[in-house]
Protein chains: 2
Amino acid sequence: MPRTSDTEERLVEAAAGLWHARSYADVGVSEICDVADVRKGSFYHFFSSKQELAVAVIDRHWNNAYETIVLPALAGSASPTGRIHALLAGIGDEVGRSTDALGAVPGCPFGNLAVELSTIDGAVRERLELLFTHQERVLTALLDDAVGAGEVQKDIDTAEVARAMVAYVEGVLLMSKNANDVSVAQRLMPLALRLAVPGAPVEAGAA
Amino acid sequence: MPRTSDTEERLVEAAAGLWHARSYADVGVSEICDVADVRKGSFYHFFSSKQELAVAVIDRHWNNAYETIVLPALAGSASPTGRIHALLAGIGDEVGRSTDALGAVPGCPFGNLAVELSTIDGAVRERLELLFTHQERVLTALLDDAVGAGEVQKDIDTAEVARAMVAYVEGVLLMSKNANDVSVAQRLMPLALRLAVPGAPVEAGAA
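Because the structure is a prediction, the values reported are computed rather than measured.

A. Inspection of the overall build of chain A at higher detail. Along its length, chain A carries 10 helices and 0 strands. Projected onto its principal axes, the C-alpha positions of chain A cover 60 × 40 × 30 Å. When each of the 207 residues of chain A is scored for burial, the buried share is 47%. Look at the contacts in chain A between residues 6 or more apart in sequence, and 66% of them connect residues 24 or more apart.

B. Examining the relation of the copies chain A and chain B more closely. If you rotate chain A by 180 degrees and push it 0.0 Å along the axis, it lands on chain B with an RMSD of 0.0 Å. When the rotation and shift are considered jointly, the pair of chain copies conforms to a two-fold rotation axis. When C-alpha positions in chain A are compared against the rotation axis, the closest is assigned to Gly171(A), at 1.8 Å. The fraction of interface residues of chain A whose copies in chain B are also interface residues reaches 100%, indicating that both copies meet through the same surface.

C. Structural view of the interface of chain A and chain B. Listed as interface residues are 54 residues of chain A and, on the opposing side, 54 residues of chain B. Counting residues per element, the ones that place at least two in the side of chain A that touches chain B are α5 (80-102), α6 (109-117), α7 (122-148), α8 (158-179) and α10 (202-206) of chain A. If you tally residues by element for the side of chain A that touches chain B, the top one is α8(A), at 14 residues. Residues that form the side of chain A that touches chain B fall into these classes: 31 nonpolar, 13 polar and 10 charged.

D. View of the nonpolar core. Ranked by size, the top nonpolar core spans 124 residues in total, and within it Ala15(A), Met165(A), Tyr168(A), Ala15(B), Met165(B) and Tyr168(B) carry the most contacts. Setting aside anything within four residues of it in sequence, one finds Met165(B) in contact with Leu139(B), Ala192(B) and Leu195(B).

E. Quick peek at the packing of helix α1 (residues 7-21) of chain A against helix α4 (residues 50-74) of chain A. Residue and element names in this part refer to chain A. Two elements in contact, α1 and α4, have axes whose closest approach is 9 Å; the angle formed by their N-to-C orientations is 80 degrees. With respect to α4, the element α1 is oriented roughly perpendicular. Residues Leu11, Val12, Ala15, Ala16 and Trp19 of α1 pack against Leu53, Ala56, Val57, Arg60 and His61 of α4. For the contact of α1 with α4, a count of residues per class yields 8 nonpolar, 1 polar and 1 charged.

F. Focus on the confidence of the model for chain A. All names here are of chain A. Counting all residues, the mean pLDDT for chain A is 91, and 93% of those residues have values of 70 or more. Taken together, the stretch residues 202-207 has pLDDT below 50 and engages in 12 contacts with residues farther than four places along the chain or on a different chain. What the predictor reports for the complex is a pTM of 0.93 with an ipTM of 0.92.

G. Spotlight on the environment of Val197(A). Within the secondary structure layout, Val197(A) lies in the loop between α9 (182-188) and α10. Among the residues examined, Val197(A) registers 19 C-beta atoms within 10 Å and is labelled partly exposed.

H. Up close: unusual backbone geometry. At Asp37(A), a residue that is not glycine, the phi angle is positive and equals roughly 60 degrees. Mapped onto the secondary structure, Asp37(A) falls in the loop between α2 (29-36) and α3 (40-46).

I. Geometry of the packing of α5(A) against α7(A). Residue and element names in this part refer to chain A. Close contact between α5 and α7 brings their axes to 8 Å; oriented N to C, the two are set at 150 degrees. Taken together, the axis directions place α5 and α7 in an arrangement best described as roughly antiparallel. Contact residues: Pro80, Thr81, Arg83 and Ile84 in α5; Leu139, Leu142, Asp145 and Ala146 in α7. Residues that form the contact of α5 with α7 fall into these classes: 5 nonpolar, 1 polar and 2 charged.

J. Focus on α2(A). All names here are of chain A. Restricting attention to buried positions, one finds in α2 the residues Ile32, Cys33 and Ala36. Each buried residue of α2 lies within a common arc of 100 degrees when the element is viewed along its axis, so the set occupies one face. The outward face of α2, more than 90 degrees from its buried face, is lined by the exposed residues Ser30 and Asp34. If you follow the buried residues of α2, they end up packed against α1 and α3. Just beyond α2, the residue with positive phi is Asp37, at close to 60 degrees.

K. Up close: helix α4 (residues 50-74) of chain B. All names here are of chain B. Taking 1.5 Å of rise per residue, the 25 residues of α4 would be expected to cover 36 Å, and the 34 Å separating its terminal C-alpha atoms lies within 8% of that figure. A maximum bend of about 40 degrees is found in α4 at Tyr66. For α4, the complete set of buried residues consists of Leu53, Ala54, Val57, Ile58, His61 and Ala73. Where α4 is buried, its residues touch α1 (7-21), α5 (80-102), α6 (109-117) and α7 (122-148). Count one or two residues on from α4 and you reach Gly76, which has phi positive near 90 degrees.

L. Molecular detail of the environment of Ala36(A). Within the element layout of this structure, Ala36(A) appears in helix α2. Remark: the alpha-carbon pair of Ala36(A) and Glu13(A), spanning 23 residues in sequence, is separated by 7.8 Å.

Cut-offs used in this document
- Residues numbered from 1 in each chain as written.
- Chains lettered and ligands numbered in written order.
- Predicted model: local features only at pLDDT ≥ 70, side-chain atom pairs only at ≥ 80, totals over all residues.
- Helix = DSSP H or I, 4+ residues; strand = E, 2+ residues; numbered from the N terminus.
- Buried ≥ 20, exposed ≤ 12 C-beta atoms within 10 Å, placed from the backbone.
- Contact = placed C-beta atoms within 7 Å.
- Least-squares fit on C-alpha atoms with pLDDT ≥ 70 in both.
- Nonpolar A, V, L, I, M, F, W, Y, C, P; charged D, E, K, R; others polar.
- Core = buried A, V, L, I, M, F, W, Y, C linked by C-beta atoms within 7 Å.
- Axes fitted to C-alpha atoms, helices over the stretch in contact; angles between N-to-C directions.
- Parallel < 35°, antiparallel > 145°, perpendicular 65-115°, else oblique.
- pLDDT = per-residue confidence, 0-100.
- Arc of directions from axis to C-beta.
- Expected span 1.5 Å × (residues − 1).
- Bend = angle between axes of the 7 residues up to and from the residue.

Shown next, in the form of structure tokens:
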């Protein structure tokens, strides 16, 4: 047995990888403990349940995504829509990396857990809702900047467009996963910015 | 025990409802047999596995969706984009109905199974891919008509926009499920038509 000080971290890391590659339901605590090289009895010293581990896994994925995708996209001197574009491209790149690492297109770790658990587990659902809200706020701020810079029209509801963009990214990652084709994510991702362009034919169709 | 002639149908119906309300993994064959009032031994007379039942459940959901959402939206004298709008509104209405029936926003039965099973089960993944392709073809035809009618610009790749719209709908249903809020689906759904409007800032951001 390795030293115990990083036991919790190894459990979270093992679960994050296994669940992302397969599914939450398909991988149980025993297998996670095996991969993490942790005795099953020790698991419950750190987590009261598999669901509690799921919340820690969500936080880990978000910290990673923030470091590797969000911060690099927000840094630099690109225009607001240029930074949104960099964010979308960064997500596409991450799909490529995780597919190489896991052997199949794994989809979004947040979307996957949302689908599997949100009608079953309140704590996981709430943590994911917090995360999606956080992602929406990042995008809303960028869209507000884009309006200020005259890159998109003033009359858009930036918070609603941000929510639509987060939804679109989730849907693209889902379709890319089901097609098991990285290029689906990489080709469709940039179209998210079209959601910021109001006007026909939406309103025409609704009229 | 009721007569056996509709046993298969009762199993498919029970599984469709239970999986949609909770998840594929959360509901096993025993519970499905209980709800369908079928002996577990009889289950394997009709289906070799839970996965094989999943394929039948997907077909059942699609037949329902086609009857209740697609056909009504395609009928009538609306313009091509008006018909796309009716399709999107029909999906929003269905979310309302299924939420009333199941007690929580259940998300998309296809997207749910795609997330849960596409990295695990090839047969389910392929059936869903067939379905998504079919949905994309319906939308591509409508978008081609919209181009012909001058409702959207000629220079769009209608097949790609159709794929983006299917992805967007899946993402909106996922977000609506995680928020457990029908209004998320109903408010965001119409924005799908914006994906058919090319131009800035997508291309500006990409340049």
